[in-house]
Amino acid sequence: MLQQIVFELERIRDAAHAPAMEAYMKNRFTFLGVTAAPRKNIFTSFKKDWAQLSDTARWDFIDECWQHDARELQYIALDALISDYKKRAAVSDLPKLEFLITQKPWWDTIDLLVSHVVGHYAKHFPQEFSTRAAEWESSSNFWLHRSLLIHQLKFKQETNLELLQYYIHCFKGNKEFFVQKAIGWSLREVSKWNPDWVREVVAQEGLGGLAKREALKYVF
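Throughout what follows, the structure given in this document is the object of discussion. Please read these numbers as outputs of a predicted model, since none were measured by experiment. (Residues numbered from 1 in each chain as written. Predicted model: local features only at pLDDT ≥ 70, side-chain atom pairs only at ≥ 80, totals over all residues. Heavy atoms only, no water.)

Digging into the packing of helix H10 (residues 142-150) against helix H12 (residues 177-191)
Moving on, step 1. Look at H10 against H12: their axes get within 9 Å of each other, and the N-to-C directions meet at 5°. On the basis of the axis angle, H10 is roughly parallel to H12. Along its contact with H10, which presents Phe 142, Trp 143, Arg 146, Leu 149 and Ile 150, the element H12 presents Phe 178, Val 179, Lys 181, Ala 182, Ile 183, Trp 185 and Ser 186.
Moving on, step 2. Split into classes, the residues belonging to the contact of H10 with H12 amount to nine nonpolar, one polar and two charged. (Axes fitted to C-alpha atoms, helices over the stretch in contact; angles between N-to-C directions. Helix = DSSP H or I, 4+ residues; strand = E, 2+ residues; numbered from the N terminus. Parallel < 35°, antiparallel > 145°, perpendicular 65-115°, else oblique. Contact = heavy atoms within 4.5 Å. Nonpolar A, V, L, I, M, F, W, Y, C, P; charged D, E, K, R; others polar.)

Here it is in C-alpha coordinates:
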(Lines give C-alpha, C1' and ligand atoms only; values in the text may rest on other atoms or scores of the structure.)
Protein backbone atom coordinates (compact mmCIF):
# COMPACT_ATOMS: atom_id res chain seq x y z
CA MET A 1 0.00 0.00 0.00
CA LEU A 2 2.78 2.42 0.84
CA GLN A 3 4.41 2.09 -2.58
CA GLN A 4 1.09 2.80 -4.27
CA ILE A 5 0.51 5.87 -2.11
CA VAL A 6 4.00 7.17 -2.79
CA PHE A 7 3.39 6.65 -6.51
CA GLU A 8 0.17 8.67 -6.32
CA LEU A 9 1.84 11.46 -4.35
CA GLU A 10 4.72 11.60 -6.83
CA ARG A 11 2.23 11.66 -9.71
CA ILE A 12 0.49 14.83 -8.47
CA ARG A 13 3.41 16.55 -6.76
CA ASP A 14 3.89 20.20 -7.60
CA ALA A 15 7.47 21.30 -7.06
CA ALA A 16 6.33 24.91 -7.15
CA HIS A 17 4.48 24.42 -3.85
CA ALA A 18 7.32 22.68 -2.04
CA PRO A 19 9.51 25.70 -1.12
CA ALA A 20 6.65 27.54 0.57
CA MET A 21 5.56 24.40 2.42
CA GLU A 22 9.11 23.81 3.61
CA ALA A 23 9.55 27.43 4.66
CA TYR A 24 6.32 27.29 6.67
CA MET A 25 7.81 24.40 8.63
CA LYS A 26 11.06 26.33 9.13
CA ASN A 27 12.80 24.13 6.54
CA ARG A 28 12.89 21.21 8.94
CA PHE A 29 11.32 18.78 6.47
CA THR A 30 11.31 17.95 2.78
CA PHE A 31 8.01 18.28 0.92
CA LEU A 32 6.88 16.89 -2.41
CA GLY A 33 4.52 19.81 -2.89
CA VAL A 34 1.20 17.99 -2.35
CA THR A 35 -1.33 20.13 -0.50
CA ALA A 36 -3.87 18.89 2.05
CA ALA A 37 -6.95 18.31 -0.10
CA PRO A 38 -5.36 16.12 -2.80
CA ARG A 39 -3.35 14.28 -0.15
CA LYS A 40 -6.52 13.44 1.76
CA ASN A 41 -8.14 12.30 -1.47
CA ILE A 42 -5.28 9.87 -2.01
CA PHE A 43 -5.72 8.38 1.44
CA THR A 44 -9.48 8.14 0.91
CA SER A 45 -8.88 6.02 -2.19
CA PHE A 46 -6.87 3.57 -0.04
CA LYS A 47 -9.12 3.73 3.02
CA LYS A 48 -10.67 0.30 2.41
CA ASP A 49 -7.21 -1.24 2.13
CA TRP A 50 -6.21 0.43 5.39
CA ALA A 51 -9.29 -0.88 7.18
CA GLN A 52 -8.43 -4.46 6.21
CA LEU A 53 -4.90 -4.41 7.63
CA SER A 54 -4.11 -6.25 10.82
CA ASP A 55 -3.02 -4.18 13.80
CA THR A 56 0.60 -5.21 13.24
CA ALA A 57 0.45 -4.27 9.55
CA ARG A 58 -1.17 -0.95 10.38
CA TRP A 59 1.63 0.05 12.74
CA ASP A 60 4.23 -1.18 10.25
CA PHE A 61 2.65 1.08 7.64
CA ILE A 62 2.70 4.06 10.01
CA ASP A 63 6.34 3.39 10.87
CA GLU A 64 7.29 3.21 7.19
CA CYS A 65 5.51 6.50 6.56
CA TRP A 66 7.36 8.05 9.48
CA GLN A 67 10.72 6.96 8.11
CA HIS A 68 10.02 8.43 4.67
CA ASP A 69 11.82 11.66 3.75
CA ALA A 70 8.69 13.40 2.43
CA ARG A 71 6.65 15.12 5.14
CA GLU A 72 3.46 14.30 3.27
CA LEU A 73 3.95 10.65 4.24
CA GLN A 74 3.83 11.55 7.92
CA TYR A 75 0.57 13.37 7.19
CA ILE A 76 -0.76 10.30 5.39
CA ALA A 77 0.11 8.20 8.45
CA LEU A 78 -1.92 10.55 10.64
CA ASP A 79 -4.80 10.63 8.15
CA ALA A 80 -4.89 6.85 8.43
CA LEU A 81 -4.49 6.62 12.19
CA ILE A 82 -7.10 9.28 12.96
CA SER A 83 -9.61 7.87 10.48
CA ASP A 84 -10.62 4.95 12.69
CA TYR A 85 -8.64 5.17 15.91
CA LYS A 86 -11.77 5.31 18.04
CA LYS A 87 -12.62 1.83 16.74
CA ARG A 88 -9.12 0.36 16.83
CA ALA A 89 -7.47 1.82 19.94
CA ALA A 90 -5.53 -0.74 21.97
CA VAL A 91 -3.97 -0.50 25.40
CA SER A 92 -0.58 -1.44 23.92
CA ASP A 93 -0.51 1.63 21.63
CA LEU A 94 1.04 4.18 23.96
CA PRO A 95 4.75 3.44 23.36
CA LYS A 96 4.05 3.69 19.62
CA LEU A 97 2.28 7.01 20.09
CA GLU A 98 5.19 8.30 22.15
CA PHE A 99 7.52 7.33 19.33
CA LEU A 100 5.47 9.40 16.89
CA ILE A 101 5.57 12.39 19.24
CA THR A 102 9.32 12.29 19.74
CA GLN A 103 10.50 11.36 16.24
CA LYS A 104 10.52 14.14 13.61
CA PRO A 105 8.62 16.32 16.07
CA TRP A 106 6.96 19.56 15.09
CA TRP A 107 3.59 21.11 15.81
CA ASP A 108 2.07 20.04 12.47
CA THR A 109 2.09 16.35 13.37
CA ILE A 110 2.05 16.50 17.16
CA ASP A 111 -1.05 18.65 17.52
CA LEU A 112 -3.15 16.38 15.31
CA LEU A 113 -1.78 13.22 16.87
CA VAL A 114 -2.23 14.35 20.45
CA SER A 115 -5.64 16.01 20.21
CA HIS A 116 -7.25 13.26 18.10
CA VAL A 117 -5.41 10.08 19.11
CA VAL A 118 -3.51 10.48 22.38
CA GLY A 119 -6.50 12.22 23.93
CA HIS A 120 -8.74 9.31 22.98
CA TYR A 121 -6.21 6.86 24.42
CA ALA A 122 -6.03 8.84 27.68
CA LYS A 123 -9.79 8.83 28.05
CA HIS A 124 -10.19 5.11 27.42
CA PHE A 125 -7.06 3.80 29.15
CA PRO A 126 -6.62 6.32 31.99
CA GLN A 127 -4.48 4.17 34.28
CA GLU A 128 -1.96 3.28 31.56
CA PHE A 129 -1.84 6.87 30.36
CA SER A 130 -1.37 8.25 33.86
CA THR A 131 1.62 5.98 34.44
CA ARG A 132 3.30 7.04 31.19
CA ALA A 133 2.33 10.68 31.73
CA ALA A 134 4.41 10.75 34.91
CA GLU A 135 7.43 9.81 32.78
CA TRP A 136 6.58 12.48 30.22
CA GLU A 137 6.29 15.06 32.97
CA SER A 138 9.85 14.38 34.18
CA SER A 139 11.25 14.18 30.64
CA SER A 140 13.40 16.94 29.18
CA ASN A 141 11.45 16.69 25.90
CA PHE A 142 9.19 19.74 25.68
CA TRP A 143 7.06 18.11 23.00
CA LEU A 144 5.96 15.58 25.60
CA HIS A 145 5.14 18.47 27.92
CA ARG A 146 3.10 20.12 25.16
CA SER A 147 1.32 16.81 24.67
CA LEU A 148 0.30 16.67 28.32
CA LEU A 149 -1.02 20.21 28.12
CA ILE A 150 -3.13 19.72 24.98
CA HIS A 151 -4.25 16.09 25.12
CA GLN A 152 -7.63 17.17 26.54
CA LEU A 153 -8.36 19.74 23.82
CA LYS A 154 -11.32 17.75 22.45
CA PHE A 155 -12.77 16.86 25.87
CA LYS A 156 -14.84 20.07 26.26
CA GLN A 157 -16.88 19.87 29.50
CA GLU A 158 -15.29 16.51 30.30
CA THR A 159 -11.89 18.19 30.70
CA ASN A 160 -10.23 17.36 34.00
CA LEU A 161 -9.61 20.93 35.12
CA GLU A 162 -7.60 19.93 38.17
CA LEU A 163 -5.24 17.91 35.98
CA LEU A 164 -4.96 20.69 33.42
CA GLN A 165 -4.05 23.24 36.06
CA TYR A 166 -1.52 20.80 37.50
CA TYR A 167 0.27 20.58 34.16
CA ILE A 168 0.08 24.34 33.70
CA HIS A 169 1.68 24.78 37.11
CA CYS A 170 4.37 22.23 36.22
CA PHE A 171 5.35 23.78 32.92
CA LYS A 172 4.58 27.50 33.21
CA GLY A 173 8.23 28.26 33.98
CA ASN A 174 9.37 26.80 30.66
CA LYS A 175 9.66 29.75 28.29
CA GLU A 176 9.80 27.53 25.20
CA PHE A 177 7.34 29.03 22.70
CA PHE A 178 5.51 25.76 22.06
CA VAL A 179 4.97 25.16 25.78
CA GLN A 180 3.69 28.67 26.47
CA LYS A 181 1.46 28.47 23.39
CA ALA A 182 0.07 25.13 24.60
CA ILE A 183 -0.74 26.56 28.03
CA GLY A 184 -2.67 29.39 26.42
CA TRP A 185 -4.35 27.14 23.87
CA SER A 186 -5.55 24.65 26.47
CA LEU A 187 -7.02 27.46 28.57
CA ARG A 188 -8.57 29.16 25.55
CA GLU A 189 -10.53 26.00 24.76
CA VAL A 190 -11.84 25.83 28.34
CA SER A 191 -12.73 29.55 28.22
CA LYS A 192 -15.39 28.76 25.61
CA TRP A 193 -17.49 27.15 28.35
CA ASN A 194 -15.87 28.16 31.65
CA PRO A 195 -14.30 31.63 31.32
CA ASP A 196 -14.39 32.31 35.07
CA TRP A 197 -12.19 29.30 35.78
CA VAL A 198 -9.72 30.44 33.13
CA ARG A 199 -9.51 33.91 34.67
CA GLU A 200 -8.83 32.34 38.05
CA VAL A 201 -6.10 30.06 36.74
CA VAL A 202 -4.37 32.87 34.86
CA ALA A 203 -4.32 34.90 38.09
CA GLN A 204 -3.43 32.02 40.43
CA GLU A 205 -0.57 30.82 38.23
CA GLY A 206 0.68 34.32 37.46
CA LEU A 207 0.60 33.70 33.73
CA GLY A 208 1.80 36.42 31.41
CA GLY A 209 2.96 37.03 27.87
CA LEU A 210 1.94 34.55 25.19
CA ALA A 211 0.23 32.12 27.56
CA LYS A 212 -1.97 34.84 29.05
CA ARG A 213 -2.82 36.40 25.69
CA GLU A 214 -3.87 33.07 24.25
CA ALA A 215 -5.79 32.05 27.37
CA LEU A 216 -7.86 35.26 27.49
CA LYS A 217 -8.40 35.65 23.75
CA TYR A 218 -12.14 34.95 24.05
CA VAL A 219 -12.59 36.21 27.62
CA PHE A 220 -14.06 39.68 28.04
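From this point on, the discussion continues.
Things to note about the environment of Trp 197
Moving on, step 1. The topology assignment puts Trp 197 in helix H13 (residues 195-204).
Moving on, step 2. Between the C-alpha atoms of Trp 197 and Trp 59, which are 138 residues apart in sequence, the distance is 40 Å.
Moving on, step 3. In contact with Trp 197, not counting residues within four places along its chain, are Leu 161, Leu 164, Gln 165, Leu 187 and Val 190.

Side note on the packing of aromatic side chains
Moving on, step 1. If you walk through the whole model with that rule in mind, you get 12 aromatic pairs.
Moving on, step 2. For the ring pair Tyr 167 and Phe 171, a centre distance of 6.2 Å and an interplane angle of 5° mean the geometry is stacked. Placement of both Tyr 167 and Phe 171 in helix H11 (residues 161-171) is noted, with a separation of four residues, approximately one turn of the helix.
Moving on, step 3. The exposure class assigned to Tyr 167 is buried, which follows from its relative accessible area of 5%.
Moving on, step 4. By the ring-pair criterion, three or more aromatic residues cluster together here, those being Trp 106, Phe 142, Trp 143, Phe 177 and Phe 178.
Moving on, step 5. The residue whose ring lies beneath Arg 71 is Phe 29, and the NZ or CZ to ring-centre distance is 3.6 Å.
Moving on, step 6. Sitting over the ring of Phe 155, Lys 123 keeps its end group 4.3 Å from the ring centre. (Phe/Tyr/Trp six-rings, centres within 6.5 Å; stacked < 30°, edge-to-face > 60°. Buried < 20%, exposed > 50% of the residue type's maximum accessible area, 1.4 Å probe, protein only. Lys NZ or Arg CZ within 6 Å of the ring centre and 35° of its normal.)

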